[in-house]
Amino acid sequence: LDLGRDTTVCNYLLLDTELPTRAHRFLWNGGSTLPYKYVTSPGEHWVRVTNACGVFYDTIRIAVTQPPSISPQGAVTLCQGSHVTLQANPVDTVTKYRWSTGDTLSSILVSNPGTYHLEAYNICDTLYDSVVVRNVFPINVDLGPDTAICVSQVILLDVTGYGADSARWSTGSRNGWLPVTQSGNYWVKVYNACGVFTDTINIRVNKRPLDRLSDLSFCVGGSVIADATQSNINSYFWSTGATSSSI
């Protein structure tokens, strides 16, 4: 009875006693009574075989590994001044690693932008992969000064030019822009690897001025007040040159 030498396998291994079931009884760790066993977990595995000649044992120690991979994958955004760990998997003694930095450990700490290449290999496969690291900066988001528009007009608040990973508006919208047609305070939060940044703007929607003036009369030597005051008016200009709300 011989299960073989201790070994490392990729994903799984078939242990087979290659003995006939008619003359033998089998018991594996785990309780199986078949003449073979599929091993998918690392550790020590044993079998006990009984026949007319007696009881026989054998044990094998198995390490299970996986094809190499890298995380995170693709592109990574890194806030300037911070760092990120590039990790090769699996982490074991049978997988070999070689980074473009010259490191041969399973992981490297990266603080500079650039493209980092990895070659990793074991009995399962050989991996050639890379990760692109790019710097991002804190965002000074600015929606502009408070402003006013007229009824039926639309003002477009736009933060797409900041290159943020995502945005969220006070209305619940997650687009990079927000069309506004109603009065109110509007805030936006933009996100990137450096954190969350916000700004607020007040927008007032003005109605069209009402025609409130009517003809007036007064006695010679007297006077009268012409009043055009309306809450939604920003400025006035009379034919006399006056700029107050009344004359």
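The preceding data block contains the structure.
Residues numbered from 1 in each chain as written. Predicted model: local features only at pLDDT ≥ 70, side-chain atom pairs only at ≥ 80, totals over all residues. Heavy atoms only, no water.

Points about the state of the cysteines
Covalently bonding the sulfur atom of one cysteine to the sulfur atom of another cysteine gives a disulfide. By the definition in use, this model includes 2 disulfides. Between cysteine 10 and cysteine 124 runs a disulfide, and the two sulfur atoms are separated by 2.0 Å. Taking the torsion about the S-S bond as the criterion, the cysteine 10 to cysteine 124 disulfide, at about 125°, is right-handed. Separated by 114 residues along the polypeptide, cysteine 10 in strand S1 (residues 7-10) and cysteine 124 in the loop between strand S12 (114-121) and strand S13 (126-136) bring together distant segments of the chain. Residue cysteine 10 is classed as partly exposed on the basis of its relative accessible area, which comes to 23%. (Disulfide = S-S within 2.5 Å. Helix = DSSP H or I, 4+ residues; strand = E, 2+ residues; numbered from the N terminus. Buried < 20%, exposed > 50% of the residue type's maximum accessible area, 1.4 Å probe, protein only.)

Side note on the pattern of salt bridges
Counted according to the given criterion, the structure contains 2 salt bridges. Glutamate 44 is the partner of arginine 61 in a salt bridge, and the nearest nitrogen-oxygen pair spans 3.4 Å. Taken together, the residues arginine 61 in strand S6 (residues 54-65) and glutamate 44 in strand S5 (residues 43-51) connect sequence positions 17 residues apart. Among the residues examined, arginine 61 registers a relative accessible area of 46% and is labelled partly exposed. A salt bridge links arginine 98 to glutamate 119, with the shortest nitrogen-to-oxygen separation between them at 2.5 Å. In this pair, arginine 98 is assigned in strand S10 (residues 96-99) and glutamate 119 in strand S12, connecting sequence segments 21 residues apart. (Salt bridge = Lys/Arg side-chain N within 4 Å of Asp/Glu carboxyl O.)

Here we look at the packing of aromatic side chains
Counting across every chain of the model gives 2 aromatic pairs. With a centroid separation of 6.1 Å and 55° between ring planes, the pair formed by tyrosine 12 and tyrosine 38 is classed as tilted. Placement of tyrosine 12 in the loop between S1 and strand S2 (13-16) and of tyrosine 38 in strand S4 (residues 36-39) is noted, with a sequence separation of 26 residues between them. For the pair tyrosine 12 and tyrosine 38, a shared accessibility class is recorded, and that class is exposed. On the basis of an interplanar angle of 80° and a centroid distance of 6.4 Å, the ring pair of tyrosine 36 and tyrosine 38 is categorised as edge-to-face. Judged by relative accessible area, tyrosine 36 falls into the partly exposed class, the value being 34%. (Phe/Tyr/Trp six-rings, centres within 6.5 Å; stacked < 30°, edge-to-face > 60°.)

Purely geometric stuff here, so don't read any function into it on its own.
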